Amino acid sequence: MCGIVGAIAQRDVTAILVEGLRRLEYRGYDSTGLALAQPGGDLALWRTVGKVARLAEKIKANPGEGVLGVAHSRWATHGGVTEANAHPHVSENRIALIHNGIIENYLEIRESLRGKGYVFHSETDTEVVTHLIHDFVKQGHDLTDAVKLAVKQLTGAYAIVVFDAQQPDRIVVARIASPLVIGFGNGENFVASDVQALLPVTRSFIFLEEGDVADVRRDSVTVFDARGRVVERKRHESSLSADAVERGEYAHYMLKEIHEQPQAIADTLEGRIANDRVLPNIFGVDADALLQRVRHVQIVACGTSYHGGLVARYWCEALAGIPCSVEIASEYRYRDVVVPKDSLFVTISQSGETADTLAALSQAKKLGYLGTFAICNVPESSLVRESDLVLMTRAGPEIGVASTKANTTQLAALALLMLELARINGLPAERLRELVAELTSLPRVVDAALKTEPEVRKLAERFVPKQSAIFLGRGTYWPVALEGALKLKEISYIHAEGYPAGELKHGPLALVDAEMPVVAVAPNDHLLEKLKSNLAEVRARGGELFVFADANADIDAHQLGVHEAHGALVKLDSGGNFIAPAVLTVPLQLLAYHVAVLRGTDVDQPRNLAKSVTVE
Ligand code: G6P
């Protein structure tokens, strides 16, 4: 989703801005642009469709310098992917503006500006804001006041960054519902949509709040709240490493992130389990009293994070004996929800900036939940700041758009929460000890699961010519099947659907023929026999089976009717039924990855998708 970077310094900021955009590439985008204030009140502008590297070439071909500038990577919402629609947008060669979000009332403002003689060169909502600010500046307001006046007219979600080449002492920014951070340097200051962009130049940040406008100068930053009062926002020192986003020896970030899972899970569990139990207060100081009262859990999330929630529902009801509902955030936020008594609202999000999840959280806060609990990977995110209790996953920056290590660390974090609820609700100590021991083994078992890669790479070849695939699982492995299908469709562009295996007869079986690969996750549990019957139904229709089964599951290739040229059975240690959903996710990630590589797609930045969906 769109990326924002801005800088005001004593040195040329071009390289800082380009590097900032490069570090935001993982968010997903389709065009880029950069503008610099020039001596004499002019501005220099470069824009291009495509990647940041192309923008960098364009700047190299026609170089410019400036101590004040802004840069943007755009993910099209209003208007197609064209150079004219790329940001920065410019008004009368002096105001340059970049924007994330959506201005809902842009059409009416555009009409009124047209009436004043403004000519529009793009189809975007952003250009409207640019001219609107210019109009106020022309009336004699300084840039900061012009922005304050302009945002009063806007409805929608936005993070805006603007400069006036004729007032080159400042960048002015404003935000509603889209993230914006200010980074502090030595005699220079920066702005961005995400701290990642600025880690090479600073570690010191403030996060703007809803309705804030800030006047950012080389040696000072003044923040005004929604009512126009000067306010201090708390400074944070980021602990993220600037190198964590390097790809190293791996061909893609996604592959690197798949292989980082044992460490990421170990980091997520570290210091949180000891002496066979989940340590008290890992969820925050007041958590214990609150968790004691929980009688229902409502989980809300999007995409892969939603799949994590679906697994946790099984754990919550089976281990803690507490009813649990899981819902997609974009549905939850617009529904008339009935909240059961003593219900805990749990959000799951890698980025902590997903617009629907944040909106669901803000909706939930009005509905009388006991409290809000976030499982999140980004400490500086809006979700973390806005939730009562937080459990951080410690996956480190995830750059590949298709989520991998964020997912398995979410499962580890959810397991901690559910074990704690289980303890509070009287799960026998002996059983709890066994489960904690199983969870502790997760990094090691995931590490072993990665060893299936050569085998999985080989069978990926069989998927290359396919148009579609079905993924099956039962119980906690149904969400695993959903996640496997999502991974495959996201990055290989093969149509894939995940189904609870019991639903096969109610529709998907009609699609099964010799051309249709059916992927199944077969654990060693009480549902294995039922799953085997479902797989027999697939074989009877000539479907090609690819089965990932626990090493001890009573299932063999002959029984399944798979052989060298037709399907495959991959057996691996899934580590016990509690942690097996996380373990069996791993070969499915590897499958999607290798199919995508063989099909030659853009694995880390698949078409039309964004890492962090900060607009609706
Ligand atoms: C996008 C990403 C997915 C992610 C989803 C939810 O669709 O491409 O990988 O699962 O957003 O994001 P979140 O940051 O809230 O987990």
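Located above this text is the structure these notes cover.
S.K.: What is the right way to read the site of the ligand from this model?
M.R.: Around the ligand lies a shell of 13 residues, among which Ser 305, Ser 349, Gln 350, Ser 351 and Thr 354 are the nearest. Backbone polar atom of Gln 350 to an oxygen atom of the ligand: 2.7 Å apart, as the coordinates give it. The contact in question runs from an oxygen atom of the ligand to an N or O atom on the side chain of Ser 351, over 2.6 Å. Its residues assigned to classes, the shell around the ligand shows four nonpolar, eight polar and one charged. Looking at the shell around the ligand, you find at least three residues from each of domain 2 (248-440) and domain 3 (450-616).

S.K.: Any chance you could explain unusual backbone geometry here in plain terms?
M.R.: Peptide bonds are mostly trans, and most non-glycine residues show a negative phi. Here the residue pair His 87 and Pro 88 is connected by a cis peptide bond, since its omega of 0 degrees sits within 30 degrees of zero. Tracing the chain through its elements places Pro 88 in the loop between strand S4 (68-74) and strand S5 (89-91). Phi angles above zero are rare outside glycine, and Asn 93 is one such case at about 55 degrees. By the element assignment, Asn 93 lies in the loop between S5 and strand S6 (95-103).

S.K.: Would you explain the pattern of salt bridges in this entry?
M.R.: Note that side chains of opposite charge can pair when their charged atoms are close. All told, the structure shown has 36 salt bridges when counted by the stated rule. Here Asp 602 and Lys 51 are joined by a salt bridge, their closest N and O atoms 3.3 Å apart. Taken together, the residues span a long stretch of sequence, with Asp 602 in the segment after helix H20 (580-599) and Lys 51 in the loop between strand S3 (42-49) and helix H2 (52-61) at a distance of 551 residues. In this structure, the salt-bridge partner of Arg 114 is Glu 111, at a minimum N-O distance of 3.0 Å. Here Glu 111 and Arg 114 lie together in helix H3 (residues 106-115), a separation of three residues that amounts to about one turn. Using a relative accessible area of 47% as the deciding quantity, one classes Glu 111 as partly exposed. A cluster of three or more residues bridged by salt bridges with shared partners is formed by Asp 142, Asp 169, Arg 170, Asp 215 and Arg 217.

S.K.: Looking at this model, I keep getting lost on the side chain of Glu 257. Mind explaining?
M.R.: Residue position: Glu 257 is located in helix H6 (residues 253-259). Among the polar contacts made by the side chain of Glu 257, one reaches the main-chain amide nitrogen of Gly 400 at a distance of 3.2 Å. Setting aside anything within four residues of it in sequence, one finds Glu 257 in contact with Pro 397, Glu 398, Ile 399, Gly 400, Thr 404 and Lys 405.

S.K.: Could you clarify how one ought to interpret the environment of Gly 187 in this entry?
M.R.: Inspection of the secondary structure puts Gly 187 in the loop between strand S9 (181-184) and strand S10 (189-192). Look at Gly 187 and you get partly exposed, because its relative accessible area is 24%. Remark: the alpha-carbon pair of Gly 187 and Asp 169, spanning 18 residues in sequence, is separated by 13 Å. Other than its neighbours up to four places away in sequence, Gly 187 contacts Ala 9, Gln 10 and Arg 218.

S.K.: Would you mind going over the layout of surface pockets with me for this structure?
M.R.: One water molecule sets the probe size; rolling that probe over the atoms shows where empty space is left. Of the pockets and cavities examined, the largest pocket occupies roughly 640 Å³. If you trace the largest pocket, you find 25 residues lining it, with Arg 175, Ile 176, Ala 177, Glu 210 and Leu 358 closest to the centre. Looking at the lining of the largest pocket, the elements that each hand over two or more residues are strand S7 (156-164), strand S8 (171-176), helix H11 (355-364) and helix H12 (382-386). The biggest single contributor to the lining of the largest pocket is H11, with four residues.

S.K.: Even after reading the chapter, I still don't get the nonpolar core, so can you show me in this structure?
M.R.: Proteins that are soluble and globular tend to have nonpolar side chains buried together. Core analysis: the biggest nonpolar cluster contains 96 residues, and Trp 315, Leu 439 and Phe 463 have the highest contact counts within it. A domain-level breakdown of this core finds at least three residues from each of domain 2 (248-440) and domain 3 (450-616). If we skip the residues at most four places from it in the chain, Trp 315 touches Ala 320, Leu 411, Leu 414, Ala 415, Met 418, Thr 476 and Phe 578. Ranked by size, the runner-up nonpolar core spans 27 residues in total, among them Ala 9, Ile 16, Leu 24 and Val 52.

S.K.: What should I look at first to understand the packing of helix H7 (residues 261-269) against helix H15 (residues 442-449) in this one?
M.R.: Working note: a packed helix pair is described by the angle between its axes plus the distance between those axes. Between H7 and H15, the shortest axis-to-axis distance is 8 Å and the interhelical angle comes to 170 degrees. It follows that H7 is roughly antiparallel to H15 by the angle criterion. Contact residues: H7 offers Gln 261, Pro 262, Ile 265, Ala 266 and Leu 269, while H15 offers Leu 442, Pro 443, Val 446 and Asp 447. Per-class residue counts for the contact of H7 with H15 are seven nonpolar, one polar and one charged.

Analysis parameters
Residues numbered from 1 in each chain as written. Predicted model: local features only at pLDDT ≥ 70, side-chain atom pairs only at ≥ 80, totals over all residues. Heavy atoms only, no water. Near = heavy atom within 4 Å. Polar contact = N/O pair within 3.5 Å; in protein donor to acceptor, adjacent residues only side chain to side chain. Nonpolar A, V, L, I, M, F, W, Y, C, P; charged D, E, K, R; others polar. Domains from an automatic or database assignment. Helix = DSSP H or I, 4+ residues; strand = E, 2+ residues; numbered from the N terminus. Salt bridge = Lys/Arg side-chain N within 4 Å of Asp/Glu carboxyl O. Buried < 20%, exposed > 50% of the residue type's maximum accessible area, 1.4 Å probe, protein only. Contact = heavy atoms within 4.5 Å. 1 Å grid on protein atoms, 1.4 Å probe; cavity = no way out; pocket = protein on both sides within 12 Å on 5 of 7 lines; lining within 4 Å. Points joined across faces, edges and corners; volume = space filled by probe spheres on them. Core = buried A, V, L, I, M, F, W, Y, C linked by side-chain atoms within 4.5 Å. Axes fitted to C-alpha atoms, helices over the stretch in contact; angles between N-to-C directions. Parallel < 35°, antiparallel > 145°, perpendicular 65-115°, else oblique.

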